[in-house]
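Geometric and topological summary
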Amino acid sequence: MKHMELRLTVNGVAKHWTIAPGDILLDVLRREGYFGVKRGCETGECGACTVLVNGKPINSCLMFAAQAEGAEILTIEGLAKPETLDPLQEAFLDRGAVQCGFCSGGMILAAKALLAHHPHPSEAEVREALSGHLCRCTGYRKPVEAVLAASTKKRPARAKAAEVSR
Amino acid sequence: MFEGVEAFYRPTTVREALHLLRKAKGTARIVAGGTGVVPGGDRSVRFLIDITRAGLSYIRKRGGAWTIGATTTMAEIEDSAEMRMLAGGLLASAAAACGSVEIRSMATVGGNMANGSPAADLAPPLLALDAEAAIAGTAARRKMPLADYLAAVCAGKMKNALLVEIVFLEPSAARGGWCFQKFGRTAVDISLVNVAAGLQLDARGRVKWARIALGAVAPLPLRMPAAEALMTGRILDRALLAEAAESVSDTVHPIGDIRASADYRREISRVLTGRALEQCAARAGYSL
Ligand SMILES: Cc1cc2nc3c(=O)[nH]c(=O)nc-3n(C[C@H](O)[C@H](O)[C@H](O)COP(=O)(O)OP(=O)(O)OC[C@H]3O[C@@H](n4cnc5c(N)ncnc54)[C@H](O)[C@@H]3O)c2cc1C
Ligand code: FES
Ligand code: FES
């Protein structure tokens, strides 16, 4: 099989990998140890493989690794600071939005991209941002609540919960 | 899945992309967003040509004509202030209806056309806007009506052609309205039926012209010339909308598959066409 070089940044660290020209980004990331990038449907339906490429959420199961040349990739492993979790991760924990956790990495990254552009989204906007993510455990209500909670950090938790109608 | 791929190219110009395409003699596949190519899993592909760095991501207006580069993503169309205005946001709303946020930040307008899917969500709006496709092939660059391009893709005749851009004229906004409607099982599913419609009325409420295009109801996304013709010149009222919607459901020849039966798609075609035309009338400022 033929090989090629791939240079990119993953979670702020420059990487130089050897890949096959037909490699899928999901496979390469997992091969390199980023197991937070989950292999679910591999057809773009479930969102478990979501990573941010130059700030945009994409399904890594649908992207050739070679397309990521020069890109900045953020996986769930890169979100927390060494000592502190990201506010979104905190909110997912506080709200019980994580059960098995298989969908959580993808959802949190999609939410991260949403909040970067819309720091105070409506519930409808949060639902739209998470619409490409399937959860087989908690469902969607708690993740939606968690994203809304993370986006309105300064307000008391109880008042926010009451705003979530469904 | 793509173990047979020998090289992955990232040309930075259209010229270079065409050169690579020619050199591969039919064994290369163009990659834009990859959302069609990757799940397709075609094992015969030997070369992949990523065209997203070839300078084809743009939305421009020159004179009265709009040009959208082939690698412009659904997200870029959805977020473009100009596309949100153009034809009442017809294209922006269709782009926003494509899959999930993740899919939309990858999927391109060129891939949507070149994929050859009868359900492609940008096809009905672009057909309704009388769009043309600019193609670069082994011969010189040429323009053809988008409908002809889609038919050629469907017939397997566009394998070695690069779709460069989509071009259409800015439609007149006076007493006009446009609407895109999509019906799928879930918010992120492909369309069971999709409809784009546009109307322009005269001062007395007579239809100057109507444009109606549907997807997923035939092997190709199609304009509905019979329904458009029967509306032209007549006063717009509910009976006329019903007549046009009926004509559409008589014209379509949908398939039945895992998502829906043919009869169901035909009925949805009637209902969605009616809804789309009603919205067009409302957006044209006309009360039925
Ligand atoms: C989970 C999921 C959901 C989806 N939902 C929708 C939906 O709601 N609506 C919808 O319309 N589609 C949907 N699609 C289909 C697909 O995402 C779209 O058709 C998309 O626009 C394809 O664009 P792309 O850039 O990803 O194409 P690619 O995968 O890069 O290419 C698709 C095909 O077109 C060719 N091609 C690409 N660009 C060019 C070009 N410029 N010139 C010549 N050939 C070219 C490629 O060689 C390939 O054969 C969905 C797909 C998935 C996986
Ligand atoms: S594994 Fe990529 S979307 Fe499911
Ligand atoms: S927490 Fe298990 S799939 Fe969502």
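Each chain carries its own residue numbering, running from 1 in the written order of its sequence. Written order determines the labels here, with chains lettered from A and ligands numbered from 1. The predicted nature of this model means local features are confined to residues of pLDDT at least 70 and side-chain atom pairs, given and counted, to a pLDDT of 80 or more, with totals for whole chains, interfaces and linings taken over all residues. To get the side-chain values, take all heavy atoms of the structure and skip hydrogens and water.

1. A short note on the overall build of chain A
For the record, the criterion: Helix numbers and strand numbers start at the N terminus; a helix is a DSSP run of H or I with at least 4 residues, a strand a run of E with at least 2. In this setup the radius of gyration rests on C-alpha atoms only. A globule is expected at 2.2 Å times the number of residues raised to 0.38. For this analysis, residues touch if any pair of their heavy atoms sits within 4.5 Å. Method for areas: the Shrake-Rupley scheme with a 1.4 Å probe, in which residue coverage is limited to the protein chains shown.
Counting secondary structure elements, chain A contains six helices and five strands. Across chain A, helices and strands are ordered from the amino to the carboxyl terminus as β-β-α-β-β-β-α-α-α-α-α. Here the C-alpha radius of gyration of chain A, 16 Å, is about what a compact globule of 166 residues would show, namely 15 Å. Along the longest, intermediate and shortest principal axes, the C-alpha atoms of chain A span 55 × 30 × 25 Å. For chain A, restricting intrachain contacts to residue pairs at least 6 apart in sequence, the fraction spanning at least 24 positions comes to 53%. Surface accessibility of chain A: about 8,000 Å² in total, with carbon and sulfur atoms responsible for 53%.

2. Quick notes on the domain arrangement of chain A
Residues and elements named next belong to chain A. Test applied: Domain ranges listed in this record stem from an automatic or a database domain assignment. Defined here as a combined quantity, buried area equals the accessible surface (1.4 Å probe) lost by two parts on assembly, summed across both. Each salt bridge in this description consists of a side-chain nitrogen of Lys or Arg and a carboxyl oxygen of Asp or Glu lying within 4 Å of one another. N or O atoms within 3.5 Å of each other form a polar contact, as long as, within protein, one can give a hydrogen and the other can take it, and as long as residues adjacent in sequence are counted only when both atoms are side-chain atoms. In this classification, the charged set is Asp, Glu, Lys and Arg, the nonpolar set is Ala, Val, Leu, Ile, Met, Phe, Trp, Tyr, Cys and Pro, and all remaining amino acids, among them Gly, are polar.
Domain boundaries assigned for chain A yield domain 1 (4–78) and domain 2 (87–156). For domain 1 versus domain 2, the distance between C-alpha centres works out to 22 Å. For the domain 1 and domain 2 pair, buried surface summed over both sides reaches about 1,000 Å², with 71% attributable to carbon and sulfur atoms. Contact with domain 2 buries area across many residues of domain 1, yet C46, T50 and I76 alone supply 39% of it, more than any other trio. There are zero salt bridges connecting domain 1 and domain 2. Linking domain 1 with domain 2 are three residue pairs in polar contact (both at pLDDT 80 or more). Residue contributions to the side of domain 1 that touches domain 2 peak at three residues, all from strand 3 (residues 50–53). Across the side of domain 1 that touches domain 2, the residue classes break down as seven nonpolar, five polar and three charged.

3. Things to note about the sheet that holds strand 4 (residues 56–59) of chain A
Residues and elements named next belong to chain A. To keep things clear, this is the line we draw: Strands are labelled as partners when DSSP assigns at least two bridges between them. Interaxial angles span 0 to 180 degrees and are taken between N-to-C directions of axes, which are lines fitted to C-alpha atoms, for helices over the stretch in contact.
Spatial strand order, 2-1-5-3-4: five strands in an open sheet with mixed pairing. Here the strands that pair on one side only, and so sit at the sheet edges, are strand 2 (13–19) and strand 4. Shown here is a sheet whose adjacent strand axes are inclined to one another by a mean of 40°, direction ignored. Where strand 1 (residues 4–10) meets strand 5 (residues 72–74), two bridges bridge the pair, whose relative direction is parallel. The partner of T9 across the bridge, within strand 5, is E72. Sheet contacts for helix 3 (residues 104–117): strand 3, strand 4 and strand 5; angle to strand 3, the most-contacted strand, approximately 30°.

4. Let's talk about the layout of surface pockets
Where we set the bar: Grid points spaced at 1 Å and placed over the protein atoms alone form the basis of the search, with a cavity being a set where a 1.4 Å probe fits but cannot get out and a pocket an open set showing protein on both sides within 12 Å along at least five of seven lines. Lining residues have an atom within 4 Å of a point. Grid points are joined across faces, edges and corners, and a volume is the space filled by probe spheres set on the points.
Space inside the second largest pocket adds up to approximately 640 Å³. As for the second largest pocket, its lining consists of 20 residues, of which A:H117, A:H118, B:E78, B:D79 and B:V101 are closest to the centre. In terms of residue class, the lining of the second largest pocket is made up of seven nonpolar, five polar and eight charged. Inspection of the lining of the second largest pocket shows a minimum of three residues originating in each of domain 1 (4–78) and domain 2 (87–156) of chain A.

5. Concerning the confidence of the model for chain B
We count it as follows: Along the chain, pLDDT gives the predictor's confidence residue by residue, from 0 to 100.
Confidence in the prediction of chain B, expressed as mean pLDDT, is 95, and 99% of residues score 70 or more. For this predicted complex, the interface confidence reaches an ipTM of 0.93, while the overall pTM sits at 0.95.

6. Focus: the site of ligand 1
For clarity, the threshold we go by: The rule for a residue being near a molecule or strand is that one of its heavy atoms must lie within 4 Å of it.
Close to ligand 1 lie 36 residues, the nearest being B:I30, B:A32, B:T35, B:G36 and B:T108. Ligand 1 sits at a junction of chains, with neighbouring residues supplied by chains A and B. B:R29 is positioned with one of its side-chain polar atoms (N or O) 3.3 Å from an oxygen atom of ligand 1. Within the backbone of B:V37, a nitrogen or oxygen atom sits 2.7 Å from an oxygen atom of ligand 1. Isolated, ligand 1 exposes 970 Å² of accessible area, and the fraction of that covered by the protein chains is 91%. Put simply, the parts of the chain that give the shell around ligand 1 at least two residues each are strand 2 (28–31), helix 7 (109–114) and strand 8 (162–169) of chain B. Taken together, the residues of the shell around ligand 1 break down into 19 nonpolar, twelve polar and five charged.

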